[in-house]
Amino acid sequence: MNHSIDFDLIGRDIKKTLYDYVSIGSYTDTIHEKEIEPFFVDLMSSFPYFKEHPEHFGLYSIPGDHLGRSVCWALVKGSGTETICMVHHYDVVGIEDFKTLKDFALKPDQLHEMLHKNMDMLSPEAKADLESGQFLFCKGGCDMKAGGSIQYTLLREYGNLALKGEFKGNVLVIGVPDEENLSSGMRGAAILLADMKGSFNLDYKLMINSEPHQRREPEKGVFSLGTVGKLMPFVYVRGSMSHVGKVFEGLNPIIILSEIERRTELNMDFSDVVDTDETSSESSPPPTWIYMKDSKEVYDVSMPVNAYGCISILTLTSSPSEVLAKLKMICHDSFARVIEEANQAYATFLKNSKRQVKDLPWQVKVSSFQELLMEAKRDHGQEFEALYEKKIQELLEDFNSAKRSIINCNYELVNFVYDYVDDISPRVVYGLVPPYYPCVSNLEYEKADEKINNLFPMLLEYTKNNFNQEYIKEYFFSGICDLSYIDMKNPEEIKNALTESMPLFGDFYDIPLESIGKISMPGINIGPWGKDFHKLSERVLIEDTYDRTPRILDAAVKYMLR
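All residue numbers here refer to positions counted from 1 along the written sequence of the relevant chain. Side-chain atom pairs in this predicted model are given and counted only at pLDDT of 80 or more, local residue features only at pLDDT of at least 70, and totals for whole chains, interfaces and linings cover all residues. The basis for the side-chain values is all heavy atoms of the structure; hydrogens and waters are excluded.

Peer 1: Kindly report on the overall build of the protein chain, identifying the contributing residues and their values.
Peer 2: Helix and strand counts for the protein chain come out as 17 helices and 21 strands. Per-residue accessibility, obtained with a 1.4 Å probe over protein chains only, is compared with the maximum for each type, and a residue is labelled buried under 20%, exposed over 50%, and partly exposed between these values. Across the 562 residues of the protein chain, 58% fall into the buried class. In the protein chain, 79% of the contacts between residues at least 6 apart in sequence involve partners at least 24 apart. Put simply, the protein chain shows about 23700 Å² of open surface, and 49% of that area lies on carbon and sulfur atoms. Positive charge is attributed to Lys and Arg, negative charge to Asp and Glu, and no charge count is given to His or to the chain ends. In plain terms, the charge of a residue is placed at NZ if it is Lys, CZ if Arg, CG if Asp and CD if Glu. Taken together, the 59 basic and 86 acidic charged side chains of the protein chain have centroids lying 3 Å from each other. In this description a helix means any DSSP run of H or I spanning at least four residues, a strand means any run of E spanning at least two, and both kinds are numbered starting from the N terminus. Here, two residues are considered to be in contact whenever any of their heavy atoms come within 4.5 Å of each other. Under the convention used here, a 1.4 Å probe and the Shrake-Rupley method define accessible areas, while residue burial counts only the protein chains that appear.

Written out as structure tokens, the structure is:
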């Protein structure tokens with residue numbers, strides 16, 4: 001493809017688009033995300049290409065979305081079928097940490113001035129970046145409307161070339177909501193992409209995401225050739241309640257959950273390691289617990305009935321089944337350890353009281369959610385099944401009206417099922433809470449596709465020659481992103497695992513596995529350098545945003561479509 005873009009001019013257009021984009025408070029999982037839609041329509045309607053081809057852009061309503069949100073899509077068709085896709089998300093996290101500066105969070109220039117007057121709110125590194133004038137501070141500019149503004153501006157230029165008959169191939173840009181929550185946007189986009197593949201005769205060659213990249217060394221940029229996966233297992237512990245004066249008559253679920261937490265938090269046995277070549281490897285960060293709560297709502301002198309928590313586990317290769325098998329073993333060992341220590345304490349207590357020593361009645365019992373559900377169906381049959389379906393619909397209504405979070409809905413459903421299990425002995429129940437992000441990388445694509453194999457070397461040479469800038473590659477973007485839904489290995493295995501282990505799978509949450517199979521393609525993240533995502537000091541490098549990243553993106557498109 002021989003095309004040229006005047007990059008000396010488009011920086012100002014990226015800036016204007018970015019400032020307009022950022023000014024919209026499209027906060028995650030709120031109706032305000034829909035305010036992006038008229039902005040998108042107005043922007044595309046102003047491009048010469050789409051004035052002539054209005055059928056090549058639009059809004060795709062995400063099936064079943066509780067807020068009625070849409071995927072924004074725009075396609076420039078040149079000659080041939082080969083297609084490059086670009087994706088960015090347009091939702092942003094909240095501004096709670098902006099304190100007295102909330103009114104300026106979406107106004108970059110004013111925020112810049114106000115931060116100079118409130119330097120004590122910034123870390124030393126953020127202060128230095130503010131004073132340097134090299135970074136743009138604002139909510140959502142870094143994560144990730146800068147990337148979206150670059151993509152849209154390039155799309156306009158490709159459209160101008162297509163109108164002249166000078167563009168070989170096709171470029172499709174999609175803007176999606178909800179990346180920061182459950183990725184409803186990208187899961188919906190997978191269906192859209194599968195439909196467009198047929199209706200527009202598109203041959204997908206590469207998905208380019210433009211999330212900001214973080215740097216280990218200031219002078220070295222990063223290209224990510226894939227992304228980590230994410231699982232969120234839950235652990236529900238039902239104990240045996242007693243008065244605090246009779247502690248050995250009960251079993252506190254908090255101590256069992258705490259022991260499970262202690263054995264899993266930062267446990268490197270859950271960390272996948274992948275040898276990316278003969279001299280280097282990548283490792284996923286170890287797990288961390290993100291939610292933990294007992295069942296008590298008010299104070300009284302008794303133990304809680306149950307305790308519940310969720311742990312975030314990032315993966316590079318592990319399947320849901322493999323992760324849950326490790327978790328099950330830890331739940332079993334933790335339960336056994338608690339019982340052992342309880343018996344030791346009880347023996348000491350009895351000796352001190354001059355009484356005969358004996359063991360407590362507790363036995364280790366660990367069940368998957370599916371096993372718990374089967375027990376309830378066995379114990380109460382059709383009566384339970386009807387009530388179970390009713391409960392799911394009640395929780396779905398609460399979730400869609402924002403009365404309950406996805407984590408709380410899961411807890412309530414497990415708690416409900418437990419009430420219909422006749423065996424009331426203490427037990428640990430485990431499973432998965434949405435969302436699920438598959439891990440993907442280009443490692444296998446590089447073995448089968450020479451062009452993909454040479455993509456990073458080409459970009460490395462380009463950045464050295466044009467910017468004297470070194471970039472390194474990683475195969476797994478650690479920030480979690482929408483690239484998870486462009487490729488999937490073993491979809492049937494994944495579907496079976498989620499059906500078995502995720503109580504809310506199907507009714508609350510689904511993944512279009514068939515559509516992802518139809519669109520499977522390699523991916524890469526090419527985005528500007530950013531820092532402090534989700535924080536007051538969120539910022540993006542100005543040079544990258546207005547000059548360097550647009551050129552790199554264009555180089556990747558040229559290379560893939562040549």
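Peer 1: Explain a nonpolar patch on the surface to me, using residue names and the numbers behind them.
Peer 2: Taken together, the side chains of V244, V247, Y299 and V301 present a nonpolar region at the surface, about 410 Å² in accessible area. Tracing the sequence through the fold places V301 in the loop between β13 (288-294) and β14 (306-315). Two joining distances apply to patches: 9 Å for like charges and 5 Å for nonpolar side chains (Val, Leu, Ile, Met, Phe, Trp, Tyr), and every residue must have over 30% relative accessible area and no salt bridge. Whenever a carboxyl oxygen of Asp or Glu lies within 4 Å of a side-chain nitrogen of Lys or Arg, that contact is scored as a salt bridge.

Peer 1: Describe the pattern of salt bridges, naming the residues involved and giving the relevant values.
Peer 2: Summed over the entire model, instances satisfying the criterion amount to 38 salt bridges. A salt bridge links D379 to R378, with the shortest nitrogen-to-oxygen separation between them at 3.2 Å. Residues joined in a network through salt bridges with shared partners are K365, E375, R378, D379, D423 and R427.

Peer 1: How would you summarise the pairing of strand β2 (residues 70-77) if you had to cite specific residues and measurements?
Peer 2: A large share of β2 lies buried, amounting to 7 of its 8 residues. Two strands are counted as paired when DSSP detects at least two bridges linking them. Examined bridge by bridge, strand β1 (residues 57-61) and β2 share 5 bridges and lie antiparallel to one another. Bridge pairing in β2 links S61 to S70.

Peer 1: I'd like to hear about the state of the cysteines, residue by residue, with values.
Peer 2: By definition, disulfides here are pairs of cysteine sulfur atoms that lie within 2.5 Å. Per the counting criterion, the structure on display carries 0 disulfides. Here C310 stays unpaired: no disulfide links it, and the sulfur of C409, its closest cysteine neighbor, is 12 Å away. On the basis of relative accessibility, which here comes to 0%, the residue C310 falls in the buried class. Classification of C409 as buried rests on a relative accessible area of 0%.

Peer 1: Please set out the packing of aromatic side chains residue by residue, giving values where relevant.
Peer 2: For any pair of aromatic rings, the description consists of the separation of the ring centres together with the inter-plane angle of the planes. Classification of ring pairs uses Phe, Tyr and Trp, with its six-membered ring standing for Trp, and accepts pairs whose centres are within 6.5 Å; under 30 degrees between planes counts as stacked, over 60 as edge-to-face, and the remaining range as tilted. A complete count under the given rule lists 26 aromatic pairs for this structure. For the pair F223 and F456, a centre-to-centre distance of 6.4 Å together with 75° between the ring planes defines the contact as edge-to-face. Of this pair, F223 sits in strand β7 (residues 220-224) while F456 sits in helix α14 (residues 455-467); the two residues are 233 residues apart in sequence, bridging distant segments of the chain. Assessed through its relative accessible area of 1%, F223 is described here as buried. Here the aromatic rings of F248 and F349 are separated by 5.2 Å at their centres, their planes lie at 40°, and the arrangement is tilted. Of this pair, F248 sits in the loop between β10 (233-238) and α8 (253-264) while F349 is found in helix α9 (residues 320-352), placing the two residues 101 residues apart along the sequence. You can call F248 partly exposed: its relative accessible area is 22%. Given a relative accessible area of 36%, F349 falls into the partly exposed group. Connected via pairs of aromatic rings, a cluster forms that spans Y21, F39, F40, F47, Y49, F50, F57 and Y152. Look at NZ for Lys and CZ for Arg. If either is within 6 Å of the ring centre and within 35 degrees of the ring normal, a charge sits over the ring. Over the aromatic face of Y559 sits the side chain of K451, whose NZ or CZ is 6.0 Å from the ring centroid.

Peer 1: Outline the packing of helix α1 (residues 7-22) against helix α17 (residues 542-561), listing residues and values.
Peer 2: Every angle, taken between N-to-C directions, lies between 0 and 180 degrees, and every axis is a line fitted to C-alpha atoms, over only the stretch in contact when it is a helix. It is the contact of α1 with α17, at a shortest axis distance of 9 Å, that shows an interaxial angle of 110°. Judged by the angle between their axes, α1 and α17 are roughly perpendicular. Contacts between α1 and α17 involve F7, D8, I10, G11, I14, K15, L18 and Y19 from the former and T545, Y546, D547, P550, R551 and D554 from the latter. Counted by class, the contact of α1 with α17 contains 7 nonpolar, 2 polar and 5 charged residues. Throughout, the term roughly parallel applies to angles under 35 degrees, roughly antiparallel to angles over 145, roughly perpendicular to angles from 65 to 115, and oblique to all others. As a working rule, the residues Ala, Val, Leu, Ile, Met, Phe, Trp, Tyr, Cys and Pro are called nonpolar, Asp, Glu, Lys and Arg charged, and the rest polar, with Gly in that last group.

Peer 1: Account for α14, naming residues and giving values.
Peer 2: By this rule the span expected of a helix is its residue count minus one, scaled by 1.5 Å. The end-to-end C-alpha distance of α14 is 18 Å, a good match for the 18 Å that 13 residues give at a rise of 1.5 Å each. Turning to α14, its buried residues number three or more, namely L455, F456, M458, L459, L460, T463 and F467. Close packing links the buried residues of α14 with β6 (203-209), β7, α13 (450-453), β18 (470-474), β19 (523-525) and α17. In the segment just after α14, N468 is the residue with positive phi, at about 50°.

Peer 1: Break down the sheet that holds strand β21 (residues 539-541) for me, with residues and values.
Peer 2: Taken in spatial order, the 3 strands of this open sheet run β4-β21-β20, and their pairing is antiparallel. In this open sheet, the two edge strands, each paired with only one partner strand, are β4 (135-137) and β20 (530-531). Bridging between β20 and β21 involves 2 bridges; their strand directions are antiparallel. Following the sheet pairing, G530 is matched in β21 by V540.

Peer 1: Which residues make up the nonpolar core, and what values do they have?
Peer 2: Among the buried residues, those of types Ala, Val, Leu, Ile, Met, Phe, Trp, Tyr and Cys that are joined through side-chain atoms within 4.5 Å form a nonpolar core. In this structure, M44, Y158, I174, M207, I208 and F508 are the most contacted members of the largest nonpolar core, which totals 188 residues. In terms of residues, this core owes the most to one element, α9, which gives 11 residues. Discounting chain neighbours no more than four positions away, the residues touching I174 are V71, C72, W73, M86, V87, H88, M186, A189, L193 and M207.

Peer 1: Could you give an account of helix α6 (residues 141-163), with specific residues and numbers?
Peer 2: Over its 23 residues, α6 extends 31 Å from the first C-alpha to the last, a length consistent with the 33 Å expected when each residue adds 1.5 Å. The element α6 is extensively covered by neighbouring structure, given that 21 of its 23 residues are classed as buried. Positive backbone phi, at 75°, marks G165, one or two positions downstream of α6.

Peer 1: Which residues make up the side chain of D544, and what values do they have?
Peer 2: Relative to the helices and strands, D544 resides in helix α17. Of the residues examined, D544 reaches a relative accessible area of 0% and is grouped as buried. Identification of polar contacts relies on pairs of N or O atoms within 3.5 Å, with a donor-acceptor requirement for protein atoms, meaning one able to donate a hydrogen and the other able to accept it, and with residues adjacent in sequence counted only if both atoms are side-chain atoms. In this structure the side chain of D544 is engaged in a polar contact, spanning 3.4 Å, whose partner is the side chain of R548.

Peer 1: Please set out unusual backbone geometry residue by residue, giving values where relevant.
Peer 2: Here the amide bond leading from D143 into M144 is cis, since omega sits at -5°, within 30 degrees of zero. Across the junction of P434 and P435, the peptide omega takes the value 5°, indicating a cis bond. Along the chain, the position of P435 falls in the loop between β16 (427-432) and β17 (440-441). For D178, which is not a glycine, the phi torsion comes out positive at approximately 70°. Its place among the elements puts D178 in the loop between β5 (168-176) and α7 (184-199).

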